[in-house]
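Architecture at a glance
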Amino acid sequence: MAKNKKAAIFWRIALGLIVAATVVMLMFRVYEWYQERRAHFARYEAFGIEIPTRYTIHGIDVSRYQETIDWESVKAMNVEGLKLGFTFIKATEGLVNEDRYYKRNWKRAKEAGMARGAYHFFIATKNGKAQAEHFIKTVELGPGDLPPVLDVEATYGVPYKKVRERVKEWLVTVENYYGVKPMIYANVDFYQQVLKDEFDEYPLWVAHYLQKEKPRIYRTWHFWQYSEQGHVNGIFCRVDFNAFSGDSTEFKNLLFH
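Everything quoted here is computed from the prediction, not taken from an experiment.

So, about helix α5 (residues 160-178). Helix length check: α5, at 19 residues, gives a terminal C-alpha distance of 27 Å against a target of 27 Å (1.5 Å per residue), a fit within 8%. Burial in α5 covers these residues: Val 163, Arg 164, Arg 166, Val 167, Trp 170, Leu 171, Thr 173, Val 174 and Tyr 178. Where the residues of α5 are buried, they touch β4 (115-121), α4 (128-138), β5 (149-151), β6 (183-187) and α6 (188-195). Remark: Gly 179 follows α5 within two positions and exhibits a positive phi of approximately 75°.

This is the structure in structure tokens:
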């Protein structure tokens with residue numbers, strides 16, 4: 001009899017936990033739906049920044065800081081013929097962190113027709129190969145995706161030589177896995193002071209906000225992050241804007257096959 005009572009109590013607790021988990025999941029889904037509908041009504045007459053019009057292909061990069069995004073609104077926004085065609089999405093950071101909106105952004109951006117790329121935020125105090133393996137476990141690339149990106153912005157007190165060694169580990173590991181040369185993201189000063197000319201063979205996505213026509217850097221680049229103050233329909237927060245250096249054929253050739 002005692003065993004039967006214990007079994008009954010166990011099943012009541014189990015059922016209660018299942019019901020509670022289901023309620024929490026439903027509440028999360030409702031909240032996500034509400035946030036997406038809310039983002040849908042974030043509307044702007046213009047992008048809110050000066051656009052370098054000599055480039056024809058523009059895009060944005062996002063992370064958890066942009067919160068829930070209505071990607072259809074992003075894709076549909078058209079200001080005097082200028083539309084956004086690509087996005088870089090934060091996927092991972094360091095050894096274990098995954099951006100909380102990565103999976104949703106990765107899926108919804110493609111559904112909206114945006115060319116998408118994933119980036120890893122590099123922590124210089126951590127092993128480069130281990131960080132690369134974390135990225136690889138998280139990100140699955142397919143036809144039409146942009147090359148993987150290593151976002152390296154700070155040394156965290158690590159000597160420059162060691163930073164370069166760990167960056168190289170990440171790049172080599174990722175290239176060996178995906179079969180495509182990764183891209184480096186860095187601002188002009190960091191690239192020229194820390195990375196120097198050891199990585200000029202890699203495609204560069206460079207951040208530089210002080211010139212209107214092109215970034216001030218000695219080497220060729222593929223993408224230029226020219227503002228961090230843009231507005232886009234479907235996103236409540238300000239967002240980074242980027243331009244591609246070439247034409248549509250060159251952009252297509254850059255995509256993952």
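Next up on the list: α6. Within the span of α6, buried status applies to Val 188, Phe 190, Tyr 191, Val 194 and Leu 195. In this structure, the buried residues of α6 make contact with α5, β6 and β7 (204-207). Two to three positions downstream of the cap, the backbone nitrogen of Asp 189 sits 3.2 Å from a side-chain oxygen, assigning the N-cap of α6 to Asn 187. Two residues or fewer past α6, Lys 196 is found with a positive phi of approximately 55°.

The next thing to look at is the pairing of strand β9 (residues 239-244). Of all six residues in β9, six are buried, a share of seventy percent or more. Sheet analysis places strand β1 (residues 58-62) next to β9, joined by four bridges and oriented antiparallel. Across the sheet, residue Asp 61 finds its bridge partner in β9, namely Asp 240. When strand β8 (residues 223-230) meets β9, the two strands line up antiparallel, connected through five bridges. Bridge assignment links Ser 227 to a residue of β9, and that residue is Phe 241.

The element β1 is largely enclosed, with a buried count of five among its five residues. Two strands pair when backbone bridges link them, and β1 and strand β2 (residues 84-93) are joined in this way by five bridges, in the parallel orientation. Bridged to Gly 59 within β2 is Phe 86. Between the parallel elements β1 and β2, the chain passes through helix α2 (residues 71-76) in a crossover that is right-handed.

Here we come to unusual backbone geometry. Only a minority of non-glycine residues have a phi that is not negative, and only a minority of peptide bonds are not trans. Of note in the backbone geometry, Glu 67 takes a positive phi value of approximately 55° without being a glycine. Topologically, Glu 67 is positioned in the loop between β1 and α2. The phi dihedral of Tyr 156 is positive, around 55°, even though this residue is not glycine. We classify Tyr 156 as partly exposed; its relative accessible area is 42%.

If you trace the backbone, Thr 138 turns up in helix α4. Thr 138 sits in the buried class, given a relative accessible area of 18%. At 2.9 Å, the side chain of Thr 138 forms a polar contact with the backbone oxygen of His 134. Sequence-distant contacts of Thr 138, defined by excluding residues within four places in its chain, comprise Thr 92, Glu 98 and Tyr 102.

Applying the stated criterion across every chain yields a total of 22 aromatic pairs. Between Tyr 55 and Trp 224, the aromatic rings sit 5.9 Å apart at their centres with planes inclined by 80°, giving edge-to-face as the arrangement. Here Tyr 55 is found in the loop between α1 (2-40) and β1, whereas its partner Trp 224 is found in strand β8, with 169 residues between them in sequence. A relative accessible area of 9% places Tyr 55 in the buried class. An aromatic cluster is built from Phe 86, Phe 88, Tyr 119, Tyr 185, Trp 205, Phe 223, Phe 244 and Phe 251, whose rings are joined through pairwise contacts.

The rules behind these values
Residues numbered from 1 in each chain as written. Predicted model: local features only at pLDDT ≥ 70, side-chain atom pairs only at ≥ 80, totals over all residues. Heavy atoms only, no water. Helix = DSSP H or I, 4+ residues; strand = E, 2+ residues; numbered from the N terminus. Expected span 1.5 Å × (residues − 1). Buried < 20%, exposed > 50% of the residue type's maximum accessible area, 1.4 Å probe, protein only. Contact = heavy atoms within 4.5 Å. Polar contact = N/O pair within 3.5 Å; in protein donor to acceptor, adjacent residues only side chain to side chain. Pairing = 2+ DSSP bridges. Right-handed = clockwise from strand over helix to strand, strands pointing away. Phe/Tyr/Trp six-rings, centres within 6.5 Å; stacked < 30°, edge-to-face > 60°.

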